[in-house]
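Descriptive analysis of the structure
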Amino acid sequence: MTQSVYPFGLAPPSGRRRRIAVIAGDGIGPEVVAQALRAVEPLGIALDIQHFPWSADHYLKTQETLPKGALSELRDHFDAIFFGALGDPRVPDGVVAKDVLLGLRFGLDLYINLRPVQLLDEKLCPIKGKQRRDVNFWVLRENTEGPYVQMGGSFKRDTPDEVAISEDLNTRRGVERIIRAAYTLANVPHASSHKTPRVCMVDKANALPHAHGLWQRTFRQVAAEYPETTSSHLFVDVAAMEFVRTPERFDVVVTSNLFGDILTDLGAAICGGLGVAASGNIHPGRCSLFEPVHGSAPDIAGKGLANPLAAFLTLAMLYDHLGESQAGDRLRRAVEQVVLAGLVTRDLGGQLSTSECGDAVLRALTGATRN
Ligand SMILES: NC(=O)c1ccc[n+]([C@@H]2O[C@H](COP(=O)([O-])OP(=O)(O)OC[C@H]3O[C@@H](n4cnc5c(N)ncnc54)[C@H](O)[C@@H]3O)[C@@H](O)[C@H]2O)c1
């Protein structure tokens, strides 16, 4: 866990400082982002950080979500985006999250949603008898297709005859590139806790023979190119059961957008919950977006209850993307130390507030720096 495994990073910088866009967003987003950014200075790598205001507050004042030109500015002039969360009950149709988050995922073609499922302390695992080494794998969720493209429509809306259709879009190109990314990750030294790397593809081809038949055929073709990797397949219902029953069987799991969304919340739950779940929305070698898995949690926003550790772990992934994996490893080690010492927020059974937990990470980090 503390050793970086990341084959999707940027080329080395050409003499200039890395540029990071910060979108703190709504609810607990700004609270956890502020804590995580405290780690930047002690990590000792000078970054140019620019904050963008896109959020529910900004939308309610200006009617602006993702402004024109934002995509090309981020793509051409930034190395990574650090994102908090979007979602606010005052914007009931979720237009800000849809335009900004889905807009960036699709617009920047961030086709890999990479989510580590890595237990930091066995005390946090709700499954009896599981050790840290048993819950230590990666999920790659396809991030640009599936039902999230929002194709479909409704007919005779709000009548007893209403018909609603949401299309599940899958392309050969989209499926193949995420499966290839899974094999690339599995074959990085240390990615696997097993003697031979393992990739498990999760689908539901028995119920969705067209779309997920495409996944199965593509998987078989790519798998044949990696005879040294153990390739397996599970239907999503069985995969959900196995995440809980035998998480130790997994190294790298690759799946569709919708199934990845659901399975990774389960993955977070077996590691202690959303408060420790990090993610990256990645296009290899290009500006990519890093965000905690959790949402804006309006139920706890502004109360000092939010766990900032997912945001710290997310920042560590961002450093991996910049090619600064030693900094990422140092930050991961600091988070591990505070979890093992029980210096955590209430969702993990501790007593600390958001900022006190941030203080503990900073202390661990500066202690680690001196070692
Ligand atoms: N990527 C994103 O920005 C994203 C992801 C999921 C949900 N959302 C949005 O967030 C809003 C709330 O959604 P939700 O309640 O379904 O999901 P959520 O992740 O915000 O919260 C789910 C539960 O987990 C708790 N929780 C979440 N993060 C926590 C943390 N860091 N520390 C402690 N507890 C934490 C919350 O208090 C809540 O009880 C909605 O508007 C939703 O659309 C945004």
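Quick notes on the rules
- Residues numbered from 1 in each chain as written.
- Predicted model: local features only at pLDDT ≥ 70, side-chain atom pairs only at ≥ 80, totals over all residues.
- Near = placed C-beta within 6 Å.
- Nonpolar A, V, L, I, M, F, W, Y, C, P; charged D, E, K, R; others polar.
- Helix = DSSP H or I, 4+ residues; strand = E, 2+ residues; numbered from the N terminus.
- Domains from an automatic or database assignment.
- Contact = placed C-beta atoms within 7 Å.
- Core = buried A, V, L, I, M, F, W, Y, C linked by C-beta atoms within 7 Å.
- Buried ≥ 20, exposed ≤ 12 C-beta atoms within 10 Å, placed from the backbone.
- Axes fitted to C-alpha atoms, helices over the stretch in contact; angles between N-to-C directions.
- Parallel < 35°, antiparallel > 145°, perpendicular 65-115°, else oblique.
- Left-handed = near helix turned anticlockwise from the far one by under 90°.
- Pairing = 2+ DSSP bridges.

1. Topic: the site of the ligand
Contacts to the ligand come from 22 residues, most closely from Gly 87, His 294, Gly 295, Ala 297 and Asn 307. Residue composition of the shell around the ligand, grouped by class: twelve nonpolar, seven polar and three charged.

2. Some thoughts on the environment of Gln 118
By the secondary structure assignment, Gln 118 is in strand S4 (residues 112–118). Residues Gln 118 and Phe 137 lie 19 residues apart in sequence; the distance between their C-alpha atoms is 6.2 Å.

3. What to know about the domain arrangement of the protein chain
Partitioning the protein chain into structural domains gives domain 1 (1–114 + 274–371) and domain 2 (136–269). Distance from the C-alpha centre of domain 1 to the C-alpha centre of domain 2: 24 Å. Taken residue by residue, the interface counts 17 residues in domain 1 and 20 residues in domain 2. Every element with two or more residues in the side of domain 1 that touches domain 2 is listed here: helix H5 (95–107) and S4. For the side of domain 1 that touches domain 2, the per-class residue count stands at twelve nonpolar, three polar and two charged.

4. What to know about unusual backbone geometry
In this structure, Gln 63 takes a positive phi of about 65° despite not being glycine. Considering the arrangement of structural elements, one finds Gln 63 in the loop between helix H3 (56–62) and helix H4 (70–77). Positive phi is not limited to glycine here, since Lys 156 has a value of about 55°. You can see Lys 156 is positioned in the loop between strand S6 (152–155) and strand S7 (163–166).

5. As for the nonpolar core
The biggest cluster of nonpolar side chains holds 107 residues, and the ones touching the most others in it are Ile 81, Leu 140, Ala 182, Phe 312 and Leu 331. Broken down by element, the residue count for this core peaks at ten residues, all from helix H10 (residues 309–321). When we break this core down by domain, the ones giving at least three residues each are domain 1 (1–114 + 274–371) and domain 2 (136–269).

6. Points about the packing of helix H1 (residues 29–37) against H10
Closest axis-to-axis distance for the H1/H10 pair is 8 Å, and the angle between their directions is 55°. On the basis of their axis angle, the class for H1 and H10 is oblique. Once H1 is placed against H10, the crossing between them reads as right-handed. Each of Val 32, Val 33, Gln 35 and Ala 36 in H1 lies in contact with H10, whose residues at this interface are Ala 311, Phe 312 and Leu 315. Looking at the contact of H1 with H10 residue by residue, the classes come out as six nonpolar, one polar and no charged.

7. Here's the deal with the pairing of strand S12 (residues 288–292)
Two faces, one strand: in a regular strand the side chains alternate between the faces of the sheet. Within S12, five of the five residues are buried, which leaves it mostly tucked inside the rest of the structure. Neither face of S12 is open: one carries Ser 288, Phe 290 and Pro 292, the other Leu 289 and Glu 291, and all of them are buried. Inspection of the sheet shows strand S3 (residues 80–85) paired to S12 by three bridges, in the parallel sense. Across the sheet, the residue bridging to Ala 80 is Ser 288, located in S12.

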